[in-house]
Amino acid sequence: FLYYFVYNKGNNLFIILFLNYSHIYRYVLEKMLLTKPNVSLKQRNLKSSITNLARISVKANSSSFGTCFRVSTFGESHGKGVGCVIDGLPSKLKISEQEIQIELDRRKPGQSIITTPRKEEDKAEILSGVLDGVTLGTPIAIVVRNKDQRSQDYSEMSVAYRPSHADATYDFKYGLRAVAGGGRSSARETIGRVAAGAIAKKLLKEVAGTEILAYVSRVRDVTSKVDEDTFTMEDVERNMVRCPDQDAAQKMIDAINEVRTRGESCGGEVTCIVRKCPRGLGSPVFGKLEAELGRALLSLPATKGFEIGSGFSGSRMLGSEHNDEFYIDSKTGKIRTASNRSGGVQGGISNGETIVLRTAFKPTATIGIKQRTVTRDLQEVDLRARGRHDACVVPRAVPMVEAMVALVLADQLLLQAAQASPLAYKQLFETI
């Protein structure tokens, strides 16, 4: 829907457009009409010469994700707490705080010498939507209390912007920001995502047997070799860097420690695989599954790149080299692909093969090395940032990546269920 009104003032013609939730914006317009009687919703005769086009400043609500399985996160890094509200989850799914806690413990700070030393329990509390360990079908609220804040560490950053951090852009957009801990730009916001992702994982496992696993596949120039068909969660959690390749894992740890002791930081990559993903998830054109996955993963802090299947390397191949040929599985009688360069998605829709994707994370922006920057009052200064930060974010990003993939697939699962006809419904959750 589109609403617009024309506001004449002298020789100037101002047009204000309202998109999307039209009923909300119409209410806003009605309120504005009370103070601007010369504004008309019915006026449609636009002047051929428009000398000024007015812009309205609207703060976007970007703290909610999903359509059917909808998650809204809340809280700041150094506020009283963080968490999420989950809406659209079906009733009668068994879930407990302990299951959510397993995922939060994988994400929480202070796990090892290569992560931030901030110590937080990150204990999950389910406030609503669950009774006797079973979902009610009503909104589920989960909160985690902040306990180990050191806001005094951010005094310099209240006036000076950290290079490549969100400090400056938050000020550009909102005119103010939560300085301590970075506020909403902090990775602490992802607690709500990981908590919701734990529930999404449970739903996918119960309905379709889907398994979502991620691991660190690169730190700086150290790469790993992992059998993506056989590795397990236990293999991932066997070392502090979360890489199933034990030889590569030690080299990654050494690389992180080397930069950490110099006050530096480094980046890396996380690979995520989805086994037994139902066929038919995703929609053509704008609702493509890889587009939804990319949007979700690039919303995580510090992300700079996304690939699925062959990714950018596919651009260097011939069609005959890249195509995944079909065959009939003699054991199941189902259609399979002999290779998986598509990464489990073709035409924007899951084909039942394993989904394979990769996400790139940049070096942590807050480092202990002096850098040039500017202050809010436009003075050029030197800044050596303080605070407790990860020298490399990828070990703790593993559960975050899994969570966002789970949220996308759970949402797509419910969307497909809503779209499927009764005759097709019984085939909805068949997997290869």
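What counts, and at which threshold
Residues numbered from 1 in each chain as written. Predicted model: local features only at pLDDT ≥ 70, side-chain atom pairs only at ≥ 80, totals over all residues. Heavy atoms only, no water. Axes fitted to C-alpha atoms, helices over the stretch in contact; angles between N-to-C directions. Helix = DSSP H or I, 4+ residues; strand = E, 2+ residues; numbered from the N terminus. Parallel < 35°, antiparallel > 145°, perpendicular 65-115°, else oblique. Contact = heavy atoms within 4.5 Å. Pairing = 2+ DSSP bridges. Buried < 20%, exposed > 50% of the residue type's maximum accessible area, 1.4 Å probe, protein only. Left-handed = near helix turned anticlockwise from the far one by under 90°. Nonpolar A, V, L, I, M, F, W, Y, C, P; charged D, E, K, R; others polar. Expected span 1.5 Å × (residues − 1).

*Asks:* Any chance you could explain the packing of helix α2 (residues 97-107) against helix α9 (residues 394-419) here in plain terms?
*Replies:* Angle between the axes and distance between the axes: these two values describe a pair of packed helices. The contact between α2 and α9 brings their axes to 7 Å, and the two run at 140 degrees. Classified by the angle their axes make, α2 and α9 are oblique. Residue-level inspection shows Glu103, Arg106 and Arg107 of α2 in contact with α9, the latter providing Arg396, Val398, Pro399, Met400 and Glu402.

*Asks:* Before we go on, may I ask you to explain the pairing of strand β19 (residues 371-374) in this structure?
*Replies:* For a regular strand, side chains alternate in direction, first toward one face of the sheet and then toward the other. Here β19 runs beside strand β20 (residues 380-383); their pairing, made up of 4 bridges, is antiparallel. Bridge assignment links Thr373 to a residue of β20, and that residue is Val381. Here β19 hands over to β20 after 5 residues, with Leu378 in that stretch at a positive phi of 65 degrees.

*Asks:* Help me understand the side chain of Gln412, please; the structure alone is not making it clear to me.
*Replies:* Examined against the element boundaries, Gln412 turns out to sit in helix α9. Owing to a relative accessible area of 7%, Gln412 belongs among the buried residues under this scheme. If we ignore the near neighbours within four places in the chain, the residues touching Gln412 are Leu281, Gly282, Leu289 and Glu292.

*Asks:* Can you help me understand the packing of helix α4 (residues 190-208) against α9 in this one?
*Replies:* Here α4 crosses α9 at 50 degrees, and the two axes come no closer than 7 Å. By the angle class used here, α4 and α9 are oblique. Between α4 and α9 lies a crossing whose hand is left-handed. Here Thr190, Arg193, Val194, Ala196, Gly197, Ala200, Lys201, Leu203, Leu204 and Val207 of α4 come into contact with α9, specifically with Pro399, Met400, Glu402, Ala403, Met404, Ala406, Leu407, Leu409, Ala410 and Leu413. Across the contact of α4 with α9, the residue classes tally to 15 nonpolar, 2 polar and 3 charged.

*Asks:* I'm lost on the sheet that holds strand β12 (residues 268-275) in this one. Help?
*Replies:* Sheet strands associate in pairs through backbone hydrogen bonding, adopting either a parallel or an antiparallel arrangement. Taken in spatial order, the 5 strands line up as β11-β10-β12-β18-β13 in an open sheet, and their pairing is antiparallel. Either end of the sheet is taken by a strand with one partner, and the two such strands are β11 (222-223) and β13 (303-308). Bridge count between strand β10 (residues 211-219) and β12: 8 bridges; the pairing is antiparallel. Paired with Tyr215 across the bridge in β12 is Thr271.

*Asks:* Which parts of the structure should I look at to understand α9?
*Replies:* Quick reminder: α-helices carry 3.6 residues per turn. Residues three or four places apart thus point the same way. With 26 residues, α9 ought to run about 38 Å at 1.5 Å a step, and its terminal C-alpha atoms sit 37 Å apart, in line with that. Most of α9 sits inside the fold, with 22 of its 26 residues counted as buried.

*Asks:* Mind showing me how you'd approach the environment of Leu378 here?
*Replies:* As for its position among the elements, Leu378 is in the loop between β19 and β20. A sequence separation of 218 residues divides Leu378 from Ala160, and the C-alpha atoms of the two residues are 9.3 Å apart.

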